[in-house]
Amino acid sequence: MKVLPSRPDFEADPALARGPAPAMIEIDRVSQTFRTSGRQAHLALSDISLTIEDGAFVSILGPSGCGKSTLLYIVGGFVSPTEGVARVKGRAITGPGPDRGPVFQEFALFPWKTVLGNVMYGPRQQGVKSPEAEAQSRRLIEMVGLKGFENFYPKELSGGMKQRVALARTLAYHPAVLLMDEPFGALDAHTRTRLQNDLLNIWERDRKTVLFVTHSVDEAVFLSDKVVVMTRAPGRIKQIIDIELPRPRRRAELLLDPRYQKYVVEIERMIDDTSEDGLRP
Amino acid sequence: MMTRALSRLAPLLACLGLLAIWQAGSLMLNTESFPTAMSAVRAVPSILGDKESLVNILDSLRRMAIAFAAALLFAIPLGLMMGRSRLVASFFNPLLMITYPVPKAALMPIIMLWLGVGDLAKMLVIFLGVSLPVIYHSFQGARAVEEKMLWSGAAMGLSAPQRMIRIVLPAALPEILTGCRTGLVLALITMVTSEMIARQSGAGNILFNALDMGQYDTVYAMIIIIGAMGIGLDAAFERLRSRLVRWSEPGFDIPLSFA
Amino acid sequence: MNARALTSEVLLGIVPIALALAVWQGISSFGYAPVTLLPPPGLVFSRLAQQLGTSTFQYEIASTLFRLFAGFSIAVIMGVGIGLAAAASPAVNAVVRPIVRVLAPLPKVALYPALLLLLGFGHESKITLVAADALFPILLSTYYGASMVEQKLIWSAMAAGTPRRQILFKVVLPAAVPSILTGCRIGLVISCIVVFLAEMISSTDGLGHMLVTAARTFQAVDMFVPLITISLLGLILNGLLQGLRSYLLRGFPEV
């Protein structure tokens with residue numbers, strides 16, 4: 001265990017000595033402008049600041065076109081912000097890296113690789129030797145419930161199964177942060193619930209930091225520690241709500257829990273209230 | 001603004017660049033059989049000024065135009081029907097598959113045997129050459145038309161032939177026009193090739209007579225003329241196409257031309 | 001689709017071919033056309049079978065195939081290379097794009113006399129013509145396929161730690177394979193056609209040359225033989241490419 005050099009001000013106050021949970025992601029005054037085909041500039045994100053602690057499950061919730069996916073892409077390093085800076089573990093983000101693993105709504109699996117090939121891609125890219133990468137990948141495939149499908153091609157799988165593969169592929173290179181871009185948006189209601197439950201179970205094992213973009217209020221409340229509600233374009237943070245529901249969460253219990261219902265209703269009201277949208281300076 | 005003007009001028013710049021490479025290459029090789037670009041370009045007006053050559057070239061173009069039009073009238077309806085009916089498609093597909101790799105211009109000697117060396121033989125060959133890609137693209141275009149669009153048409157009381165003309169044809173138009181564009185360049189190629197093989201008259205014949213007589217400037221000048229016809233016809237058709245199907249997504253913006 | 005429907009479709013497809021053969025046979029056996037103009041199909045096919053056994057005919061096929069493959073291979077290598085480069089680099093794109101715009105609609109066969117003058121009457125000029133004609137469909141479909149690669153596929157690979165310069169070979173190229181193969185298929189048909197034409201225009205051997213020789217002496221039977229041979233070659237090569245395609249694309253959804 002690494003011992004930190006002692007700092008006098010921390011020693012003075014025992015509460016501070018524990019310190020706040022270290023920030024995994026810091027988004028600092030980020031704005032994003034896109035040039036559309038004409039000469040018009042479209043402001044997608046306006047002055048976003050957000051800090052996400054290590055091990056937190058944070059959802060970004062907002063109407064379509066509010067720039068919530070763009071925010072995720074900025075953290076992923078796929079898009080660089082027009083203004084402001086995003087940091088992961090204190091370092092400014094300059095590009096994609098294996099510390100931040102994306103899971104997209106469109107699955108984005110490599111169609112020319114089998115399930116096993118897809119999951120092995122990351123470890124192989126990290127320089128893990130083939131037999132070891134295969135063993136790891138097989139374990140992950142089993143964990144996401146796809147044992148027996150290792151040699152299937154993505155086209156032979158259903159949407160829910162494809163998303164399980166995509167999750168396993170991302171987990172395989174051990175990212176510190178999972179970036180999930182409406183991952184269950186393309187799935188039917190039943191598959192969606194099952195995947196939500198399974199995602200929580202997997203998450204409970206090692207509590208990675210998760211940034212989860214969705215437009216479903218239920219999903220956000222059910223999964224998250226924190227819900228960030230955004231306004232219509234240009235996207236701003238409207239409010240951040242801490243979801244203080246006990247974990248591990250069971251869907252059946254939660255649906256009957258008045259606290260859960262209250263969160264859902266409160267957030268839905270907040271989204272319906274458009275009076276603030278686009279009015280702040 | 002600058003970049004826009006540049007991108008419009010780019011093909012012209014490319015032409016000049018290619019001519020410059022030619023010029024430099026011929027100066028370096030310095031053989032009689034590879035004249036400079038300059039001297040080839042200078043020979044162009046004398047060919048076009050010569051009455052007999054001009055009549056020959058215009059004759060070629062007339063045959064090409066007639067055969068092209070006839071091919072469209074035949075190929076588009078056939079392609080559309082194949083696209084909408086499995087039966088028609090499976091009836092014609094194997095036949096098209098075995099005729100596809102046969103060079104149409106190579107039928108020239110046989111067709112000449114039957115029809116003589118007149119216009120009819122040449123036009124028939126061009127007709128065959130143009131038909132295949134147009135049928136193929138019309139087929140693909142009609143096949144991709146969404147079933148639900150036709151259901152709505154039927155619900156609105158359109159009969160089957162009406163649906164074909166008012167829904168399938170416009171919906172498949174971008175694909176059909178892509179086929180026509182390929183067909184147009186193909187018509188030119190088949191025309192030149194059949195004239196090279198038949199050696200009776202026309203642009204291809206001038207080209208090869210010049211080659212036989214060692215008039216190298218004329219050979220290269222004819223290549224420039226035929227090349228310019230290809231590029232010009234294609235550019236003109238592309239303008240027409242982009243007007244007709246302004247609503248559609250641009251696909252390939254360069255045609256896939258071949259013999 | 002079940003096997004029975006498939007069989008009936010195949011049978012239906014054979015009908016027009018059988019019909020054409022029957023009409024052909026009918027015309028010649030009822031004496032509407034003299035044998036010198038239209039030999040009966042039986043005669044043509046038995047001549048083909050007999051020719052296939054002779055070493056001279058095999059030699060003609062071999063020289064045609066050699067030119068075809070040489071030209072086609074050059075076209076594939078250059079087409080895929082330039083297409084990928086143009087999709088990956090804006091600078092290459094800016095140069096290649098206008099040149100392709102000019103050269104693609106150019107009737108390449110018109111260049112053949114120049115190629116004859118520069119490269120002589122041997123293999124080189126024909127191979128160059130085949131390559132020039134087959135190049136553009138392959139180049140264009142490679143470019144098209146490579147520039148249409150789903151952005152999120154590239155992002156996924158980058159997040160997994162793929163360096164930028166490897167993305168082209170690890171993601172873009174494999175993702176463009178379906179499109180590249182479509183281009184190759186067009187290019188292959190073009191190669192068949194062009195090699196035959198080039199041999200007809202000027203050659204001392206090859207299938208095209210056989211046709212011209214037969215035409216000079218009005219041997220109708222011998223004119224049909226090379227034509228049918230090139231059609232069969234085209235079908236076989238296309239079938240082989242189709243096999244390669246379904247192997248390489250076993251993971252891709254049907255197009």
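Rules of the game
- Residues numbered from 1 in each chain as written.
- Chains lettered and ligands numbered in written order.
- Predicted model: local features only at pLDDT ≥ 70, side-chain atom pairs only at ≥ 80, totals over all residues.
- Heavy atoms only, no water.
- Contact = heavy atoms within 4.5 Å.
- Buried area = accessible area lost by both parts, 1.4 Å probe.
- Salt bridge = Lys/Arg side-chain N within 4 Å of Asp/Glu carboxyl O.
- Polar contact = N/O pair within 3.5 Å; in protein donor to acceptor, adjacent residues only side chain to side chain.
- Helix = DSSP H or I, 4+ residues; strand = E, 2+ residues; numbered from the N terminus.
- Buried < 20%, exposed > 50% of the residue type's maximum accessible area, 1.4 Å probe, protein only.
- Phe/Tyr/Trp six-rings, centres within 6.5 Å; stacked < 30°, edge-to-face > 60°.
- Lys NZ or Arg CZ within 6 Å of the ring centre and 35° of its normal.
- Patch = residues over 30% accessible without salt bridge, like charges linked within 9 Å, V, L, I, M, F, W, Y side chains within 5 Å.
- Areas by Shrake-Rupley, 256 points an atom, 1.4 Å probe, with all protein chains shown as cover.
- Pairing = 2+ DSSP bridges.
- Axes fitted to C-alpha atoms, helices over the stretch in contact; angles between N-to-C directions.

### Let's talk about the interface of chain C and chain B
Okay, step 1: With 58 residues of chain C at the interface, the matching set in chain B holds 57 residues.
Okay, step 2: Interface area, chain C with chain B, both sides summed: about 5100 Å², of which 82% is carbon and sulfur.
Okay, step 3: Counting the contacts that link chain C with chain B gives 0 salt bridges.
Okay, step 4: Counting the contacts that link chain C with chain B gives 3 residue pairs in polar contact (both at pLDDT 80 or more).
Okay, step 5: Mapped onto the side of chain C that touches chain B, the elements with two or more residues apiece are α1 (3-29), α4 (90-103), α5 (112-119), α6 (123-147), α8 (164-201), α9 (207-216) and α10 (220-248) of chain C.
Okay, step 6: Tallying contributions element by element places α8 of chain C first for the side of chain C that touches chain B, with 10 residues.

### Quick notes on the environment of S194 of chain B
Residue and element names in this part refer to chain B.
Okay, step 1: Mapped onto the elements, S194 comes out in helix α8 (residues 160-198).
Okay, step 2: A relative accessible area of 1% places S194 in the buried class.
Okay, step 3: In the structure, S194 is positioned 87 residues away from L107 in sequence and 8.8 Å away in space, judged by C-alpha atoms.
Okay, step 4: Excluding residues within four positions of it along the chain, S194 makes contact with A105, M108, V125 and R199.

### Focus: the packing of aromatic side chains
Okay, step 1: Under the criterion given, the structure shown has 18 aromatic pairs over all chains.
Okay, step 2: With a centroid separation of 5.0 Å and 85° between ring planes, the pair formed by F91 of chain B and F92 of chain B is classed as edge-to-face.
Okay, step 3: Here a set of aromatic residues connected by ring pairs shows up, and it is made of F57, F184, W203 and F212 of chain A.
Okay, step 4: Over the ring of F110 of chain A we find R169 of chain A, and its NZ or CZ is 4.8 Å from the ring centre.
Okay, step 5: In this structure, R251 of chain A is placed above the aromatic ring of F222 of chain A, and the distance from its NZ or CZ to the ring centre is 5.0 Å.

### Some remarks on a nonpolar patch on the surface
All names here are of chain B.
Okay, step 1: A surface patch of nonpolar side chains, amounting to about 530 Å² of accessible area, comprises L9, L12, L13, L16, L19 and V41.
Okay, step 2: Ranked by residues supplied to the nonpolar patch, first place goes to helix α1 (residues 2-29) with 5 residues.
Okay, step 3: Considering the arrangement of structural elements, one finds L16 in helix α1.

### Side note on the environment of F72 of chain C
Okay, step 1: Within the element layout of this structure, F72 of chain C appears in helix α3 (residues 55-88).
Okay, step 2: Sequence separation of F72 of chain C and C184 of chain C is 112 residues, and the distance between their C-alpha atoms is 8.6 Å.

### Describing the sheet that holds strand β2 (residues 41-53) of chain A
Residues and elements named next belong to chain A.
Okay, step 1: Across the sheet, 4 strands lie side by side as β2-β1-β4-β5; this open sheet has antiparallel pairing. At either end of the open sheet lies a strand with only one pairing partner, and these are β2 and β5 (91-92).
Okay, step 2: Of the strand pairs in this sheet, strand β4 (residues 83-88) and β5 are connected by 2 bridges, and their pairing is antiparallel. Note that in β5 the partner of V88 across the bridge is R91.
Okay, step 3: Relative to strand β1 (residues 23-35), helix α3 (residues 68-76) is tilted by about 120°, and along the sheet it contacts β1, β2 and β4.

### What about the sheet that holds strand β9 (residues 226-230) of chain A?
Residues and elements named next belong to chain A.
Okay, step 1: Spatial strand order, β6-β7-β8-β3-β9-β10: 6 strands in an open sheet with mixed pairing. With one partner strand each, in any of the chains shown, β6 (100-104) and β10 (237-242) form the two edges of the open sheet. Within this sheet the neighbouring strands show an average axis-to-axis angle of 15°, counted without direction.
Okay, step 2: In this sheet, β9 lies alongside strand β3 (residues 57-61) in parallel orientation, the contact comprising 4 bridges. For I60, the partnering residue across the bridge sits in β9 and is V228.
Okay, step 3: Against the sheet, α3 makes contact with β3, β6, β7 (177-181), β8 (209-214) and β9, and its axis sits at roughly 150° relative to β7, the strand it touches most.
Okay, step 4: Where helix α6 (residues 159-171) meets the sheet, its contacts fall on β6 and β7, and the angle it forms with β6 comes to roughly 170°.

### Observations regarding the arrangement of the chains
Okay, step 1: For this structure, the chain pair with the highest number of contacts among 2 pairs of chains in contact is chains B and C.
Okay, step 2: Here chain A and chain B are not in contact; the least distance found between their C-alpha atoms is 12 Å.

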